[in-house]
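# Inside the fold
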Number of protein chains: 6
Amino acid sequence: KHGMADQEDQIGTVTGLAWTQVGGEILTIETALVPGKGQIHQTGKLGEVMKESAAAAFSYVRAHASQLGIAAELLEKHDIHLHLPEGAVPKDGPSAGIGLTTALVSLLTQIPVRHDVAMTGEVTLRGRVLEIGGLKEKLLAALRAGITTVLIPKANEKDLVEIPDNVKQGLTIVPVSHVDEVLSLALTRPLEPALPGALLETTPAKARGVASQSLPH
Amino acid sequence: KHGMADQEDQIGTVTGLAWTQVGGEILTIETALVPGKGQIHQTGKLGEVMKESAAAAFSYVRAHASQLGIAAELLEKHDIHLHLPEGAVPKDGPSAGIGLTTALVSLLTQIPVRHDVAMTGEVTLRGRVLEIGGLKEKLLAALRAGITTVLIPKANEKDLVEIPDNVKQGLTIVPVSHVDEVLSLALTRPLEPALPGALLETTPAKARGVASQSLPH
Amino acid sequence: KHGMADQEDQIGTVTGLAWTQVGGEILTIETALVPGKGQIHQTGKLGEVMKESAAAAFSYVRAHASQLGIAAELLEKHDIHLHLPEGAVPKDGPSAGIGLTTALVSLLTQIPVRHDVAMTGEVTLRGRVLEIGGLKEKLLAALRAGITTVLIPKANEKDLVEIPDNVKQGLTIVPVSHVDEVLSLALTRPLEPALPGALLETTPAKARGVASQSLPH
Amino acid sequence: KHGMADQEDQIGTVTGLAWTQVGGEILTIETALVPGKGQIHQTGKLGEVMKESAAAAFSYVRAHASQLGIAAELLEKHDIHLHLPEGAVPKDGPSAGIGLTTALVSLLTQIPVRHDVAMTGEVTLRGRVLEIGGLKEKLLAALRAGITTVLIPKANEKDLVEIPDNVKQGLTIVPVSHVDEVLSLALTRPLEPALPGALLETTPAKARGVASQSLPH
Amino acid sequence: KHGMADQEDQIGTVTGLAWTQVGGEILTIETALVPGKGQIHQTGKLGEVMKESAAAAFSYVRAHASQLGIAAELLEKHDIHLHLPEGAVPKDGPSAGIGLTTALVSLLTQIPVRHDVAMTGEVTLRGRVLEIGGLKEKLLAALRAGITTVLIPKANEKDLVEIPDNVKQGLTIVPVSHVDEVLSLALTRPLEPALPGALLETTPAKARGVASQSLPH
Amino acid sequence: KHGMADQEDQIGTVTGLAWTQVGGEILTIETALVPGKGQIHQTGKLGEVMKESAAAAFSYVRAHASQLGIAAELLEKHDIHLHLPEGAVPKDGPSAGIGLTTALVSLLTQIPVRHDVAMTGEVTLRGRVLEIGGLKEKLLAALRAGITTVLIPKANEKDLVEIPDNVKQGLTIVPVSHVDEVLSLALTRPLEPALPGALLETTPAKARGVASQSLPH
Ligand SMILES: [Ca+2]
Ligand SMILES: [Ca+2]
Ligand SMILES: [Ca+2]
Ligand SMILES: [Ca+2]
Ligand SMILES: [Ca+2]
Ligand SMILES: [Ca+2]
Ligand SMILES: [Ca+2]
Ligand SMILES: [Ca+2]
Ligand SMILES: [Ca+2]
Ligand SMILES: [Ca+2]
Ligand SMILES: [Ca+2]
Ligand SMILES: [Ca+2]
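Structure report, in brief. Being a predicted model, the structure only gives us computed values, none of them experimental.

Metal coordination angles in their ideal form are 109.5 degrees for the four-donor tetrahedron and 90 or 180 degrees for the six-donor octahedron. All names here are of chain E. Donor atoms from the polypeptide that coordinate the calcium ion (ligand 9) comprise E25 (OE), E86 (OE) and E86 (OE), at 2.1 to 2.8 Å from the metal. Placement of the pair is E25 in strand β2 (residues 23–35) and E86 in the loop between β4 (78–83) and α4 (97–109), with a sequence separation of 61 residues. By relative accessible area, which is 38% here, E25 ends up partly exposed.

In structure tokens form, the structure reads like this:
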């Protein structure tokens, strides 16, 4: 049912969290690969900030393609369509950043996303995860939707004191500071970077201490 | 006569349902294939939400082309023109989603659409059918127009209690939750997915339990 | 003289009928073929609805090119320029649809349009002719301009009771429901569809009972 | 001196006539051929109507290229720049149409324009010359600027009764109804249509009775 | 120091003169050649009139490339970037025309511009120099900035009576009527038109009597 | 932590300084290389002035590529994405110019930027550094963020008298007048211009006396 967590792990689909004046809500992120030339198309009444956020997420993925195990050829002949359902509802803000990044990586690697994980956090072009607003409302929405694990920015750890105990007991809340951690926690399989001999754009994930992260699943 | 159901099954033409302040109305959806490069052109005073809805429907069709039995080559040399007649009347909202998808699939497979079927429902990039508004007005309009079967979102099943008995008796109302069901019910022939050996983008339709659906025709 | 019916049958030129707050008026439609790649250019202060109407008319023509006897190659290396003279006067609405279609078909087949015929009617992407407004004012304008025959939508037949007798006596008024009838009546020679062996996009004209239509000329 | 008639016949430059609230004025039209692909660029604070007017003039010229003696190859590798000096002064309206057409034909044939001729008239895509406003003010401006001959629309002949005698004595005023007459009168040499064997787009000029027109020069 | 005349002759850089409500000011014009396809990019908060002015200047240069000694091939693989520093300050108007033209010619011929020369004047597509406003304020600004020579439109010669004597004594003021004179006076070396055999677009500079112009340097 | 100086020298990342009504702030500049054709994409709610500033910085880098040791081929197959984190916060003004230039040069040369250096200054297309506003607030923000060295425009040296002593003691403040100095001071390694035989666009850095500049590191 729409507005609830998916029942199965899916490719290219992520559960984000939105925050409106009337409370928090599930924000489903869908992606699809269509014939094209490496462009990204965005639909679902996204505001400018969210569109720019998705563009930055897409560039992060392209710039780190070999590290993420994405075949560069895939995007030479395809475009990506990014859609946020409930197309009449305006959506904006940068906090879907890590969700958008995860959806793109899942789509391009064909590794499913854990259906019981939701996430919120701005992402920078370097993959850093920045603070977001409305943490309490978002966590409540996640709980209502049947989510078990929520990834939040490390910079929002300070806000956890204001979260009701039942929410904190009902959810595994994982603060993250880099999108590598997000991918490690949300994808159902580890990424498979290109073999030695291929160019690695940045330091391997292991060197940043994220390889050992895992959630009960 | 315009505003009434067609008398014959047609290719690329679907009867949608619109909802305005003065009641429900038939929304005819027309499509045509013209020389081009895989773009979609939209005319008939569509608002931004409806345009995005059509773009998402088109991407759904392209991403599932082989499953739907659509030759990828067809769109390499053609554009699609989507037109909503009564060009001076503004149209908007996401509820034409499943109608737009059905029109595109019919056009690209050359399988006619049943002329006595109307439909309303937002569609997501994954093919999920989401709740719409104005169900009562739309059903009344369908009845007036000579429609016999209306496809509605499963999420709107709850609203059927408010529908007058004569409407429910005059129409076969079929709740659907995925666009596969819509296509199975609205097209006059089953889809013919690409043969084994070709890549199937998603789980075969049968595995989702939609293959056995059929309407008296 | 501008504002009056032409004295000769011309290629690519049609007399439409406009309706303004101060009465009806002749709306001259001009077209020309220029080097290009199959695009359509529109000038003469057209509003958005009229521009979309022309785009739909153009797609109708392209989608039915072989049925209409138009060489597909012609549009691979040409653009069409559509101009509505009196460039400072704003023009809008969908009612020029059949006139625009006729001008395009005449230009692309090089079959002249009867100079004593005027027309008004929205056209859909399937070639259906829809109801328009201002019938009385438009017929009066046609009469003043020296037109002898006016094609109107079948859906407007009901409005003929309000038309003064002298107008109905001075004009041959022909209700039409499909653009095939319009072309059959307005062009000076029958269309020459591609020979058997070529793909016919739709049912042959004869099958729809329009082949026998003709006007005294 | 700017604002006065040129002292020499020039290629691609025409003296138009503008009409503002404070009177008539010379409107210099300049053109240049630059490397490109057959596009037209317009600068000098032109309003939308004037821009569309120039686009229609350009299409007229392209559609009649061989009749006008213009090598089609010329525009395959060049763009045209159209500039109206006094770049800070807004300019609009369709009445520069015949001037724009003449400037384009002169540029593309390299036949100079008579420096003592000014002109005003809307042009249609068929080359018809339509009525303009402000005739009196424009003729006064032409006289002040040292112009000896002014081409005006035949439809404005009726306004000549209101023109002061000294203006009518000081100027040769020539009413025209087709742009062929304009070109015949304003260019310093006759056009040289492509040789027999080449396709003539329309009836030869002679057949329309314009070949014998000439001015004292 | 910015706002003062440069200390050295530079390539592609010209000192223009701006006129605002609070007085005159130096307007530095910078250009650079970057990989591209013959386009021009403009930055520095230019208004529409100034952007069109630069576009016309660029077309003048392209249309007269061989006369100016510019290799056509240079622009086939490069774009030009035009920047006006103090990027937060809005700039508009046509009076930078001759400065923009000079900067472009200097950049494309690699002939430096005299650092002690400033200039103001609208330029037309034929290279004519038209009248500008704010002459007094501009001359005062030139003097303050350490400029020794200012090129002004011949049409502004009439305004020199209102200029204070000390300004006229401190500056060499040169009225010009064609951009050829501007280039002859402002560039540190004569232009080298393409050799005989190459096509000269217009009359050679000498024939217009500008070859002998020179300034003490 | 975002809002604080980075702990490591990074490639393509620069610490700029912003000035708002409520004080100064760190402005992180991130860049990434993605597949493309030499375009620049900008996200993070940049205003028009800042976007033009980045475009000018990019052109400076392209025009001086060989002098800066950047392989021209790199940009033939890549685009640059420029992102300013905190995507919901509007950013504008030209003062990020030298920071943007430095980030681009670092990205394209793969030479890291010193993590303890921040900078503010408009840059022109010639690389000149122009005056900025809000110096005091920016220096305070740099100090708070853990920065040790701040590069400021030479034209702002006059404002240093108003800066509190503790700020001047806590920071090494270096006035600069050309972006060459900025690169020399902010990059962790000297640039390696293309070898002799390759074309140097401008005077070598040494000739301008910047080669010997260095900071304690
Ligand atoms: Ca909702
Ligand atoms: Ca948000
Ligand atoms: Ca209706
Ligand atoms: Ca709707
Ligand atoms: Ca009229
Ligand atoms: Ca109309
Ligand atoms: Ca004037
Ligand atoms: Ca006018
Ligand atoms: Ca200033
Ligand atoms: Ca100015
Ligand atoms: Ca902040
Ligand atoms: Ca700033």
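On to the environment of B:D180, then. All names here are of chain B. Position of D180 relative to the elements: it lies in helix α7 (residues 179–186). Residue classification places D180 among the buried positions, given a relative accessible area of 6%. A sequence separation of 51 residues divides D180 from V129, and the C-alpha atoms of the two residues are 9.8 Å apart.

Time to look at the interface of chain D and chain E. Each partner contributes residues to the interface: chain D has 21 residues there, and chain E has 15 residues. A combined buried area of about 1500 Å² lies between chain D and chain E, and 57% of that area is made up of carbon and sulfur atoms. Between D:D6 and E:R126 there is a salt bridge whose closest N-O contact spans 2.9 Å. Sorting the residues of the side of chain D that touches chain E by element identifies β2 (23–35), β3 (40–43) and β4 (78–83) of chain D as the ones contributing at least two each. Looking at the side of chain D that touches chain E, the element that brings in the most residues is β2(D), giving 7 residues. Looking at the side of chain D that touches chain E, its residues break down into 6 nonpolar, 11 polar and 4 charged.

Moving on to the environment of C:V174. Residue and element names in this part refer to chain C. Here V174 lies in strand β9 (residues 172–176). Assessed through its relative accessible area of 12%, V174 is described here as buried. Separated by 55 residues in the primary sequence, V174 and M119 have C-alpha atoms spaced 9.3 Å apart.

Moving on, we get to the interface of chain A and chain B. On the chain B side, the residues contacting the 21 residues of chain A number 15 residues. Interface of chain A and chain B: buried area, both sides summed, is about 1500 Å²; carbon and sulfur atoms make up 57% of it. The interface formed by chain A and chain B holds 3 salt bridges in total. Taken together, the connections running from chain A to chain B amount to 11 residue pairs in polar contact (both at pLDDT 80 or more). Elements with a minimum of two residues in the side of chain A that touches chain B: β2 (23–35), β3 (40–43) and β4 (78–83) of chain A. Top element by residues in the side of chain A that touches chain B is β2(A). It accounts for 7 residues. A class-by-class count of the residues in the side of chain A that touches chain B yields 6 nonpolar, 11 polar and 4 charged.

Here the focus is the pattern of salt bridges. Under the criterion given, the structure shown has 36 salt bridges over all chains. Note that C:K158 is salt-bridged to C:E131, the shortest N-O span being 2.8 Å. Here C:K158, found in the loop between β8 (149–153) and α6 (165–170), pairs with C:E131, found in the loop between β7 (129–130) and α5 (135–144); they are 27 residues apart in sequence, far enough to count as distant. Through salt bridges that share partners, A:D6, A:E30, B:R126 and B:R128 make up one connected network.

Residues and elements named next belong to chain E. For L68, the location among the structural elements is in helix α2 (residues 65–68). Owing to a relative accessible area of 1%, L68 belongs among the buried residues under this scheme. Linking L68 and A194, residues 126 residues apart in sequence, is a C-alpha distance of 7.7 Å. The contacts of L68, once residues within four sequence positions are left out, are V61, V105, T109, L183, L191 and E192.

Now for the relation of the copies chain A and chain B. What relates the pair of chain copies is a rotation about an axis plus a shift along that axis. Under the fitted operation, chain A is carried onto chain B by 0.0 Å of movement along the axis and a turn of 60 degrees, and the coordinates agree to an RMSD of 0.0 Å. The two molecules are tied by a six-fold rotation axis, judged by turn and shift. It is A:K37 whose C-alpha, among those of chain A, lies nearest the rotation axis, at 12 Å.

All names here are of chain C. Spatial strand order, β3-β4-β2-β1-β5-β8-β9: 7 strands in an open sheet with mixed pairing. Strands with a single pairing partner mark the edges of an open sheet, and in this sheet they are β3 (40–43) and β9. When strand polarity is set aside, the average angle formed by the axes of neighbouring strands in this sheet is 30 degrees. Bridge count between strand β5 (residues 117–119) and β8: 3 bridges; the pairing is parallel. In the sheet register, M119 faces β8, and the bridge partner there is L151. Sheet strands in contact with α5 are β1 (13–20), β2 (23–35), β8 and β9, and its direction is about 75 degrees off that of β2.

Further remarks concern a positive patch on the surface. A grouping of A:K37, B:K37, C:K37, D:K37, E:K37 and F:K37 is seen on the molecular surface, where their side chains present a positively charged patch. Along the chain, A:K37 turns up in the loop between β2 and β3. Relative accessible area serves as the criterion here: at 72%, A:K37 is assigned to the exposed category.

Right, let's talk about the pairing of strand β9 (residues 172–176) of chain F for a bit. All names here are of chain F. Burial of β9 is extensive: 4 of the 5 residues sit out of reach of the surface. Both strand β8 (residues 149–153) and β9 contribute to a ladder of 5 bridges, which runs parallel. Bridged to I152 within β9 is P175. Once you follow β8 into helix α6 (residues 165–170) and on to β9, the crossover reads as right-handed.

Considering soluble globular proteins, one finds that nonpolar side chains tend to be buried as a cluster. All names here are of chain C. V61, I80, M119 and L151 are the most contacted members of the largest nonpolar core, which totals 42 residues. For this core, the element with the most residues is helix α4 (residues 97–109), which contributes 7 residues. Those residues within four positions of L151 in sequence are excluded, and the remaining contacts are I98, V117, A118, M119, T120, V174, V182, L185 and A186.

A few words now on the sheet that holds strand β3 (residues 40–43) of chain F. Residues and elements named next belong to chain F. Taken together, the 7 strands give an open sheet; going across it, the order is β3-β4-β2-β1-β5-β8-β9, and neighbouring strands pair in mixed fashion. The open sheet has two edge strands, β3 and β9, and neither has a second partner. Strand after strand, the sheet turns through a mean of 30 degrees between neighbouring axes, direction not considered. Looking at chain direction, strand β2 (residues 23–35) and strand β4 (residues 78–83) are connected through 6 bridges and run antiparallel. Bridging from a neighbouring strand, L33 pairs with I80 of β4. Relative to β3, helix α1 (residues 48–63) is tilted by about 150 degrees, and along the sheet it contacts β2, β3 and β4.

Moving on, we get to the packing of helix α4 (residues 97–109) of chain B against α7(B). Residues and elements named next belong to chain B. Here α4 crosses α7 at 55 degrees, and the two axes come no closer than 10 Å. Here α4 lies oblique to α7, going by the angle between them. You can see that α4 and α7 cross each other, and the crossing is right-handed. Between α4 and α7, the residues in contact are I98, T101, T102 and V105 and V179, V182, L183 and A186, respectively. Residues belonging to the contact of α4 with α7 are distributed by class as follows: 6 nonpolar, 2 polar and no charged.

Definitions and limits used
- Residues numbered from 1 in each chain as written.
- Chains lettered and ligands numbered in written order.
- Predicted model: local features only at pLDDT ≥ 70, side-chain atom pairs only at ≥ 80, totals over all residues.
- Heavy atoms only, no water.
- Donors = N, O, S within 2.8 Å, 3.2 Å for Na, K, Ca; no water.
- Helix = DSSP H or I, 4+ residues; strand = E, 2+ residues; numbered from the N terminus.
- Buried < 20%, exposed > 50% of the residue type's maximum accessible area, 1.4 Å probe, protein only.
- Contact = heavy atoms within 4.5 Å.
- Buried area = accessible area lost by both parts, 1.4 Å probe.
- Salt bridge = Lys/Arg side-chain N within 4 Å of Asp/Glu carboxyl O.
- Nonpolar A, V, L, I, M, F, W, Y, C, P; charged D, E, K, R; others polar.
- Polar contact = N/O pair within 3.5 Å; in protein donor to acceptor, adjacent residues only side chain to side chain.
- Least-squares fit on C-alpha atoms with pLDDT ≥ 70 in both.
- Pairing = 2+ DSSP bridges.
- Axes fitted to C-alpha atoms, helices over the stretch in contact; angles between N-to-C directions.
- Patch = residues over 30% accessible without salt bridge, like charges linked within 9 Å, V, L, I, M, F, W, Y side chains within 5 Å.
- Areas by Shrake-Rupley, 256 points an atom, 1.4 Å probe, with all protein chains shown as cover.
- Lys, Arg positive; Asp, Glu negative; His and termini not counted.
- Charge placed at Lys NZ, Arg CZ, Asp CG, Glu CD.
- Right-handed = clockwise from strand over helix to strand, strands pointing away.
- Core = buried A, V, L, I, M, F, W, Y, C linked by side-chain atoms within 4.5 Å.
- Parallel < 35°, antiparallel > 145°, perpendicular 65-115°, else oblique.
- Left-handed = near helix turned anticlockwise from the far one by under 90°.

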